Each structure stands twice: as C-alpha cells, then as structure tokens.
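# Breakdown of the fold
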Amino acid sequence: MSLITYLHVTLRARLAELAGDRGDSPVPTAVIIFGLVTVALAVTAAALTAANGWMDAIPGPGDAD
C-alpha cells in the first residue's frame, strides 16, 4: 500500500469518526449547572446566617455582668 493511499484511508476513517455522535445538547448541561449554582447559593446563605447568629451570640465588652 502506498503512503498516499494509507494517508487517504486514515484521513477518511478519522473524519467518519468525527462526523458521528456529536454528544449531548447544551441545554441539559445548562439546566444542571443552574441547579448546582442555586444549591450552592442556598448553602452559602445558610452558612452565612448560621455564622452571623453565632457571632451575635458572643458577648461584647459592654455585655458583661
């Protein structure tokens, strides 16, 4: 087999592989990312609320008996 024939067959095989399955639509991926961001914001807000409550419970210098 000559080199040109080999390169031609290899190139056509590679292009056939690339033209096949293009993967999933970007819409489900975007929906999943939006859901993860929403959950991350909720967890961050809950942690901030808990930290602020904990910091407010610490007595200050003028709160001593």
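Use the structure listed above.
Residues numbered from 1 in each chain as written. Predicted model: local features only at pLDDT ≥ 70, side-chain atom pairs only at ≥ 80, totals over all residues. Heavy atoms only, no water.

Counting its secondary structure elements, the chain contains two helices and zero strands. Dimensions of the chain, computed from the C-alpha atoms along their principal axes, are close to 95 × 25 × 10 Å. Carbon and sulfur atoms make up 71% of the accessible area of the chain, which amounts to about 6000 Å² in all. (Helix = DSSP H or I, 4+ residues; strand = E, 2+ residues; numbered from the N terminus. Areas by Shrake-Rupley, 256 points an atom, 1.4 Å probe, with all protein chains shown as cover.)

Together, L3, Y6 and L7 make up a nonpolar patch on the protein surface, roughly 340 Å² of accessible area in all. Note on placement: L7 falls in helix α1 (residues 3–18). According to the relative accessible area criterion, L7 is partly exposed, its value standing at 48%. (Patch = residues over 30% accessible without salt bridge, like charges linked within 9 Å, V, L, I, M, F, W, Y side chains within 5 Å. Salt bridge = Lys/Arg side-chain N within 4 Å of Asp/Glu carboxyl O. Buried < 20%, exposed > 50% of the residue type's maximum accessible area, 1.4 Å probe, protein only.)

Structurally, T10 is set in helix α1. A polar contact of 2.7 Å, which involves the side chain of T10, links it to the backbone oxygen of Y6. (Polar contact = N/O pair within 3.5 Å; in protein donor to acceptor, adjacent residues only side chain to side chain.)

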